[in-house]
Amino acid sequence: MSAALLELDDVGIRFGGLQAVANLSFAVGANQIVGLIGPNGAGKTTAFNLITGVYKPNAGRITFDGTDITGWAPHRIARAGIFRTFQTIRLFNGQSVLVNVLAGLHLQTRQTWWQGLLRTPAQRREEERLRQTAMDLLARLQLDQLADTDVASLPYGVQRRVELARALVARPKLLILDEPAAGLNDHESAALNETILAVRDEGISVLLVEHDMNVVMNVTDHIVCINFGRKIAEGSPEHIRSHPDVIEAYLGKDDEDFLPPAIGSAA
Amino acid sequence: MKAVLDGINRPWIGAVLWLAGLAVPLALDQTWMFIASLFAVYAIVALSQDIVLGRAGMFDMGHAVYFGVGAYATAILNTQFNWPILATWPVAVLLAALAGAVLSAPIVKLRGDYLLVVTIGLNAIFVLALNNNLARMTGGPDGIFGIGVPSIFGWQLASASAQFWLDWVAFAATLVLIHNLDRSHLGRTLYYIKHDQLAATTMGIDIRAYKVLAFALSAALAGFAGTLFAALMAAVSPGAFVFTESVTLFAIVLVGGQGSIPGVLLGTALMFVVPQAFRQFAEYRYFVFGIAMVVVMVLRPQGIWPRRRSAGAKA
């Protein structure tokens, strides 16, 4: 496992009396798409917040690209190469798609604040270069026609794509997607699958939380299933699909009336 | 196309209004020239307040401190150390910027309302220090009189019109800087921070560093306005930098429109020009402005002349 890009080692966090994540260990290898699944409230988003520095773990160690990043501030973790999207879309409303995507270029920006205030020729060239980089990526995700549109006026599925564009333009080493298919129609969801696979082929590792089992089963190489903050199973999609603990976590032991459509449709 | 027209039109309108202002000394009397100069100075302070409040989204209700630091720096250096006014400019601006950075560094992490209370406290301490004749230099409650006039290349800007030109040019320079800010990486970054700190920080933005930078820049600009103010009035006293002045600046930005240059200028005109022009109503200005604040906040919370969507989109 020494080749792993991201490695969680016995990571835990406690909020007051609630152990939200406990003894969580898993790894994301280079060029790998890893899915993190589990019932609602299992601690998936908390795990993402731990990895991206939004929360600091009480226990354990997180290593990224050979560096211990445990407890780092989120902006330093971004600098290390981890970028993410959010379960509840967090775009900068009131601004255009282009300006939103330019946020992802923050770390690649080379202008100083005083160059900006004076609008020097070098700064103008830099702005043009940033705009071009952003537009190229928008074109790739079929968003270029919407570059000047206020993100708040866009349909949900398109907003998700803008958020993905904002993370992708940052050239992450690891892309973290929190329920990227939530609220997407079948067509959008299929396009998302293709995008995720294409991203992986460019050498970007992906870690995703998803309830849509079509996405999870079709694109991931490896799945980690957690429940009540603890890992209950790990392995290939085929392995996870038939794992008794996973089925129990989703279906419950006795309650046979409750059949989540997610697992059902994937099987 | 509409966006392009938007981008060209508004600065163009601003330039025309500014040029029209140049006619004030030709067409109107000394009083109006003074009012126009005062407007220019207060417009610069209000625009500087808008960097922190309207653009970075920090509730700074002690902005008169930085205005005062600039004004007192010029007053003290000129009257007690015989520095020429222009030579005091860089010191006034740097001292104000330093005050902004040092005072804000420990507090920018505070949530909006807490930050607001702390900045009120800073303003109170500042005025107290001035009133108590800090370092035997600030002159106590009476302040400092007899501040000299600026001179450029040996030419004394003694007349009211000369002061007007100076302030009016400084005002133009400020407008250009703020306009550029909105189209720069820094302007965008402040917008990201104001609207979603979590999303901003996960994009690699060091929020604290940018907030302190916003405070320092804003304070520098306020300090610059302060030095102009000292030269224009030929005197400074604590009364010009008290908490109610900070509230007024805060209100100008909220009522005019956060992050909107025309909005802030409109607010400044309402607050500082109208009362001067109609002296008999001057004592009612807080009354009128207070009502305006209530009405605007209820009916039009984005301000009278809000920032246009996608300002800063012009890459």
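These numbers come from a predicted model, not from an experiment.

**Topic: the overall build of chain B**
Moving on, step 1. Across its full length, chain B holds 13 helices and four strands.
Moving on, step 2. A compact globule built from 315 residues would reach a C-alpha radius of gyration of about 20 Å, and chain B, at 19 Å, matches this within 12%.
Moving on, step 3. For chain B, the spread of C-alpha atoms along the three principal axes comes to 50 × 45 × 40 Å.
Moving on, step 4. Evaluated residue by residue, chain B yields a buried proportion of 51% over its 315 residues.
Moving on, step 5. Restricting the contact set of chain B to residue pairs at least 6 apart, pairs at least 24 apart contribute 79%.

**Re the overall build of chain A**
Moving on, step 1. Looking only at helices and strands, one finds 11 helices and 10 strands in chain A.
Moving on, step 2. For chain A, the C-alpha radius of gyration of 19 Å lies close to 18 Å, the compact-globule estimate for 267 residues.
Moving on, step 3. In terms of its C-alpha atoms, chain A occupies a principal-axis envelope of roughly 70 × 40 × 35 Å.
Moving on, step 4. Of all intrachain contacts in chain A linking residues separated by at least 6 positions in sequence, the fraction that spans at least 24 positions is 67%.

**A short note on the sheet that holds strand S7 (residues 174–178) of chain A**
Residues and elements named next belong to chain A.
Moving on, step 1. On the basis of which strands lie adjacent, the open sheet formed by six strands has the order S6-S7-S8-S3-S9-S10 and mixed pairing. Each of the sheet's edge strands pairs with one partner strand only, and the pair in question is strand S6 (82–84) and strand S10 (230–235). The mean angle between the axes of side-by-side strands here comes to 20 degrees, regardless of whether they run parallel or antiparallel.
Moving on, step 2. Bridge count for strand S9 (residues 222–227) against S10 is five bridges, and the pairing is antiparallel. Counted as the bridge partner of cysteine 225 is alanine 233 from S10.

**Topic: the environment of asparagine 82 of chain B**
Moving on, step 1. Summarising the element assignment, asparagine 82 of chain B is placed in the loop between helix H4 (64–81) and helix H5 (85–104).
Moving on, step 2. Residues asparagine 82 of chain B and alanine 101 of chain B lie 19 residues apart in sequence; the distance between their C-alpha atoms is 28 Å.

**Thoughts on the interface of chain B and chain A**
Moving on, step 1. Of the residues lining the interface, 27 residues belong to chain B; the matching set on chain A comes to 35 residues.
Moving on, step 2. Looking at the side of chain B that touches chain A, the elements that each hand over two or more residues are helix H7 (160–182), helix H8 (185–195) and helix H9 (197–202) of chain B.
Moving on, step 3. Tallied by class, the residues present in the side of chain B that touches chain A amount to 13 nonpolar, 10 polar and four charged.

Procedures and definitions
Just so you know, the residues in each chain are numbered from 1, in the order the chain's sequence is written. Think of it this way: whatever chain is written first is A, whatever ligand is written first is 1, and the rest follow in order. The predicted nature of this model means local features are confined to residues of pLDDT at least 70 and side-chain atom pairs, given and counted, to a pLDDT of 80 or more, with totals for whole chains, interfaces and linings taken over all residues. Under the scheme used here, helices are H or I runs from DSSP no shorter than 4 residues and strands are E runs no shorter than 2 residues, and both carry numbers assigned from the N terminus. In this setup the radius of gyration rests on C-alpha atoms only. A globule is expected at 2.2 Å times the number of residues raised to 0.38. Here a residue counts as buried when 20 or more other C-beta atoms fall within 10 Å of its C-beta, as exposed when 12 or fewer do, and as partly exposed in between; the C-beta atoms come from the backbone. Throughout, a residue-residue contact means that the two C-beta atoms, derived from backbone geometry, are no farther apart than 7 Å. For two strands to be treated as a pair, DSSP must find no fewer than two bridges joining them. For every element, the axis is a line fit to its C-alpha atoms; helices are fit only across the contacting stretch, and the angle between N-to-C directions ranges from 0 to 180 degrees. Classification convention: Asp, Glu, Lys, Arg as charged; Ala, Val, Leu, Ile, Met, Phe, Trp, Tyr, Cys, Pro as nonpolar; all other residues, Gly among them, as polar.

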